[in-house]
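Structural characterization, general
Single-letter residue listing:
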Amino acid sequence: FFLFTPRMSALDGSPPAAGGLEPHILFGLCGLSLALLVLNVFLVTRLCRRGSSSVDIDWCQSLEAVEVSVPLPKGRVSHDVKCEIMPTRFSLAIRGEKPEPYLSGTLFRPINVDESHWQLWPVGAAEGEPRSIKVSMAKAKPSRWPTLFAAGAASVVETQEKKKDR
């Protein structure tokens, strides 16, 4: 591979006494960094899951965090949302929506509550434009979760997830 080709002397073709590498190594390393970035983006998008339940949820994860997205019903505003994020449980209620809470369960692994939050997305959306509730939770320990909720966890809404790649 030419990435680490030693520099040759212009006169006799032998390696230089001091050693060294061609300037093209910089371009090779930049290309490698770009390839790793593309691979990282690909892997993150493959880790997105879509829940198959009466509540249409999407969730994605990295090693450090998990993000849950739930569509906000038309006519609802932030004051209609009640989100409780606890170290091992998560609950989301939307005023006027059944069941209440809308989504609830024991998480697959503990999270860091102080670094977790929720918001309406997209921020500053025009009236009538579809919005979602985005819940971002920081994992207590970096890891991959095969599912959002723990197996056998009692939740108000059935949240059995089928693994579907996007």
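**A closer look at the overall build of the protein**
On a plain count of helices and strands, the protein comes out with one helix and nine strands. Among the 166 residues that make up the protein, the fraction classed as buried is 30%. Across the protein, contacts joining residues at least 24 apart in sequence account for 54% of those joining residues at least 6 apart. Summed over all atoms, the accessible surface of the protein reaches about 10,600 Å², with 60% contributed by carbon and sulfur.

**Some points on the pairing of strand β8 (residues 131–139)**
Taken across its nine residues, β8 has eight buried, putting it largely inside the fold. Summarising the sheet, strand β3 (residues 65–72) and β8 pair through eight bridges and their orientation is antiparallel. By the bridge assignment, L72 is partnered in β8 with R131. In terms of strand pairing, strand β7 (residues 111–121) meets β8 through seven bridges, oriented antiparallel. Paired with W121 across the two strands is S132, which belongs to β8.

**Here's the deal with unusual backbone geometry**
Apart from glycine, the bulk of residues carry a negative phi angle, and the bulk of peptide bonds sit in the trans form. With an omega dihedral of -5°, the bond running from W121 to P122 counts as a cis peptide bond. Tracing the backbone shows P122 in the loop between β7 and β8.

**A closer look at the packing of aromatic side chains**
Taken as a whole and judged by the stated rule, the model has one aromatic pair. With a centroid separation of 6.2 Å and 50° between ring planes, the pair formed by F108 and W145 is classed as tilted. You can see F108 sitting in the loop between β6 (103–106) and β7 and its partner W145 sitting in the loop between β8 and β9 (161–162), a full 37 residues away along the chain.

**Structural notes on the sheet that holds β6**
Strands sit in the order β4-β5-β6 across an open sheet of three strands; the sheet is antiparallel. Looking at which strands have only one partner, the edges of the open sheet turn out to be β4 (81–85) and β6. Here the average twist between neighbouring strands, direction ignored, is 5°. Sheet analysis places strand β5 (residues 89–94) next to β6, joined by four bridges and oriented antiparallel. Within β6, the position partnered with L92 by the bridge is L103.

**Regarding the environment of G96**
Of note, G96 is situated in the loop between β5 and β6. On the accessibility criterion, G96 (57% relative accessible area) is exposed. Residues G96 and P73 lie 23 residues apart in sequence; the distance between their C-alpha atoms is 9.8 Å.

**A few points about the pairing of strand β2 (residues 58–61)**
Residues in a regular strand point their side chains to alternate faces of the sheet. For β2 and β3, the ladder comprises four bridges, and the chain directions are antiparallel. Paired with D58 across the bridge in β3 is S69. Counted between consecutive antiparallel strands, the loop separating β2 from β3 contains three residues.

**Thoughts on the nonpolar core**
In this structure, F90, M137 and L148 are the most contacted members of the largest nonpolar core, which totals 23 residues. Going through the elements one at a time, β3, β4, β5, β7 and β8 are the ones with two or more residues in this core. In terms of residue count, β3 provides more of this core than any other element does, four residues in total.

**Here's the deal with the confidence of the model for the protein**
On average, the protein scores 75 in pLDDT, and the residues at 70 or more come to 58%. In the predicted structure, residues 1–5 sits below a pLDDT of 50 and forms ten contacts with residues beyond four places in sequence or in another chain. Across residues 154–166, confidence stays below pLDDT 50; counting only partners more than four residues off in sequence or on other chains, it has 40 contacts.

Thresholds applied
Each chain has its residues counted from 1, running along the sequence as written. Local features are withheld for residues below a pLDDT of 70 in this predicted model, meaning they are given only at 70 or higher, and side-chain atom pairs are given and counted only at 80 or more; totals for whole chains, interfaces and linings count all residues. Excluded from the side-chain calculations are hydrogens and water; all other atoms, namely the structure's heavy atoms, are used. Put simply, DSSP marks the helices as runs of H or I at least four residues long and the strands as runs of E at least two long, and each gets a number from the N terminus on. Three labels apply to residues, based on accessible area from a 1.4 Å probe with only protein chains included: buried if under 20% of the type maximum, exposed if over 50%, partly exposed otherwise in between. Should any heavy atoms of two residues lie within 4.5 Å, those residues are counted as being in contact. Only the protein chains shown count as covering a residue, and every accessible area follows the Shrake-Rupley method with a 1.4 Å probe. Pairing between strands is defined by DSSP: at least two bridges between the two strands are required. Between 30 and 60 degrees the pair is tilted, below 30 it is stacked and above 60 it is edge-to-face, where a pair is any two Phe, Tyr or Trp rings, Trp via its six-membered ring, whose centres lie within 6.5 Å. A fitted line through C-alpha atoms serves as each axis, taken over the contacting stretch for helices, and the angle formed by two N-to-C directions is quoted from 0 to 180°. Among buried residues, the Ala, Val, Leu, Ile, Met, Phe, Trp, Tyr and Cys ones that are joined through side-chain atoms within 4.5 Å form a nonpolar core. Per residue, pLDDT captures the predictor's confidence, and it can take any value from 0 to 100.

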